[in-house]
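These are the residues of each chain, in order.
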Amino acid sequence: MDFRFTPEQEQFREHVRAFIRDEVPPEMIAEIQAAADGSASEAGREFKRLLGQKGLLGISWPEEYGGGGKPLLYQFILTEELGYHGLPYGGLSLTSVGPTLFRAGTEEQRQQYLGGILSGEYEFALGYSEPSAGTDLGSLQTRAVADGDDYVINGQKIYTSAAHYSTHIWLAARTDANEPKHRGVSLMIVPLDSPGITIRPLWTMGDGRTNEVFFEDVRIPRDNLVGEENRGFYVVAMALDYERAAVAPISPLQRSLDELSRFTRDTSRNGAPLAEDPVVRRKLAELAVEVDVLRLFSYRNAWMIENELVPTKEASIAKVWSSELAQRMSAVALEIMGPRGQLKGGSKWAYLQGRFERMYRQTPLMRFGAGTNEIQRNIIAQRGLGLPR
Ligand SMILES: Cc1cc2nc3c(=O)[nH]c(=O)nc-3n(C[C@H](O)[C@H](O)[C@H](O)COP(=O)(O)OP(=O)(O)OC[C@H]3O[C@@H](n4cnc5c(N)ncnc54)[C@H](O)[C@@H]3O)c2cc1C
């Protein structure tokens, strides 16, 4: 099996490296890396606009929608390179909402939204989860009632990442209460500055912010419906497939491992570098093996998508492995660092600006995004092993 990239793809990788090295101000990179959520920071959003200006956002979108028309592997290479530096790509607007609009949106919707996503001007938050509808999304209760040419929306969403800096919400709402629970749901686009919307912060243990979003008699035109009324679950499923395919990047973990290895070479304990301690070496070697396993999972997914195969159990395997590996890696780092490893970034005694301390608090949350790891394991059991539901 040969995972080599073509000369053109390697050339593109060099192009991205040169862009990061020569065109992104170091202060911008430092500010993004220091933030709990780099995409949400002012510098992160400015960086995204810079990507848009350089034609790098949507590198793999079709040319007819303003994209670069390159195979998906180019987007993969781009996210690998940006991820190594902790830099954000276009987020789910670009990797999930946009591609779903190519397939399920009307021509007017494509005209209206795709350009804004590509320039970095439009940002979508995903409004699926509710207080009593997470894994069991079919139980959602937010209502959208048709009234003339409008829908009137009432209800509440929860854990809505990015809502506090997004322009729109990609909303799943119930349009028919009499249908069985998965059938009466529709997907619609709601501008977040619409009257009647209240957004409240919900802070995570990893210092990041998600939100509660409340809708009180919010009016939107019925033209904002994506796909057919009451068939919104197809649209959500499509968007979730794209979302899963975009997770599990390898480069942030490779970077963390590189930094941890450097730390053990540069730091001495009892008169000798940590890197000479056999227990430390064994732990780092184990992590190196696990990072390489993730690289293979991740390349297999990219290859499948490139060849128009849909990774289902493969995407689940990569998601479970990457999120749990990130947790293991941060635990190993804190163990190697000892008590000082537990200090937060602001302390002058913190190692590596508290990077691993924060990673330790952030990584449990990765088990939830794009479907919990328990659900991923159910998918692997059913589709991978053929076990009954
Ligand atoms: C940081 C963060 C950001 C998020 N961002 C967004 C966002 O932007 N938009 C959005 O809509 N949602 C978002 N979510 C919500 C996320 O999608 C939900 O947390 C997830 O779907 C699980 O739902 P729940 O939290 O209600 O847990 P529940 O569904 O109540 O599950 C609780 C536990 O039970 C387990 N469980 C449930 N059902 C089963 C089953 N059938 N078999 C085995 N185990 C099961 C789950 O795995 C979990 O461990 C975010 C969550 C987090 C943590």
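Residues numbered from 1 in each chain as written. Predicted model: local features only at pLDDT ≥ 70, side-chain atom pairs only at ≥ 80, totals over all residues. Heavy atoms only, no water.

S.K.: Run through the packing of helix H10 (residues 313–337) against helix H12 (residues 373–384), naming residues and quoting values.
M.R.: Running from N to C, H10 and H12 cross one another at 145°; their axes reach a closest spacing of 9 Å. Of the two possible hands of crossing, H10 and H12 adopt the one that is left-handed. Every residue of H12 that contacts H10 at Lys313, Ser316, Ile317, Lys319, Val320, Ser323 and Glu324 is listed here: Asn373, Gln376, Arg377, Ile379, Ile380, Arg383 and Gly384. When its residues are assigned to classes, the contact of H10 with H12 shows four nonpolar, five polar and five charged. (Axes fitted to C-alpha atoms, helices over the stretch in contact; angles between N-to-C directions. Helix = DSSP H or I, 4+ residues; strand = E, 2+ residues; numbered from the N terminus. Left-handed = near helix turned anticlockwise from the far one by under 90°. Contact = heavy atoms within 4.5 Å. Nonpolar A, V, L, I, M, F, W, Y, C, P; charged D, E, K, R; others polar.)

S.K.: Could you give an account of the packing of H10 against helix H11 (residues 355–366), naming the residues involved and the relevant values?
M.R.: Remark: H10 packs on H11, axes separated minimally by 9 Å, with the N-to-C direction vectors making an angle of 155°. As summarised for this structure, H10 and H11 are arranged roughly antiparallel, according to the angle between their axes. The two elements H10 and H11 cross, and the hand of that crossing is left-handed. Contacts between H10 and H11 involve Lys319, Ser322, Ser323, Ala326, Gln327, Met329, Ser330, Ala331, Ala333, Leu334 and Met337 on the former and, on the latter, Phe356, Glu357, Met359, Tyr360, Thr363, Pro364 and Met366. Split by residue class, the contact of H10 with H11 holds eleven nonpolar, five polar and two charged. (Parallel < 35°, antiparallel > 145°, perpendicular 65-115°, else oblique.)

S.K.: Quick rundown of the site of the ligand? Include the residues and the values.
M.R.: Lining the immediate environment of the ligand, one finds 14 residues, of which Leu126, Thr135, Tyr159, Thr372 and Glu374 sit closest. At a separation of 2.8 Å, a nitrogen atom of the ligand approaches a polar backbone atom of Tyr159. Separating a nitrogen atom of the ligand from a side-chain N or O atom of Ser161 is a distance of 2.8 Å. Considering the ligand on its own, with 970 Å² of exposed area, one finds that the protein chains cover 63% of that surface. For the shell around the ligand, the element with the most residues is H12, which contributes three residues. Here the shell around the ligand is built from residues that sort into five nonpolar, eight polar and one charged. For the shell around the ligand, the two domains that each supply at least three residues are domain 2 (125–230) and domain 3 (247–384). (Near = heavy atom within 4 Å. Polar contact = N/O pair within 3.5 Å; in protein donor to acceptor, adjacent residues only side chain to side chain. Areas by Shrake-Rupley, 256 points an atom, 1.4 Å probe, with all protein chains shown as cover. Domains from an automatic or database assignment.)

S.K.: Hey, could you go over the domain arrangement of the chain for me, with residue numbers and the actual values?
M.R.: By convention, interface size is frequently given as the accessible area that disappears when the constituent parts associate. According to the domain assignment, the chain consists of domain 1 (7–89), domain 2 (125–230) and domain 3 (247–384). Here the C-alpha centroids of domain 1 and domain 2 sit 30 Å apart. On the domain 2 side, the residues contacting the five residues of domain 1 number five residues. With both sides pooled, the region where domain 1 packs onto domain 2 buries about 340 Å², and carbon together with sulfur makes up 62% of that total. At the boundary of domain 1 with domain 2, the tally comes to zero salt bridges. In this assembly, domain 1 and domain 2 are joined by zero residue pairs in polar contact (both at pLDDT 80 or more). Of the residues in the side of domain 1 that touches domain 2, the class split is two nonpolar, one polar and two charged. (Buried area = accessible area lost by both parts, 1.4 Å probe. Salt bridge = Lys/Arg side-chain N within 4 Å of Asp/Glu carboxyl O.)

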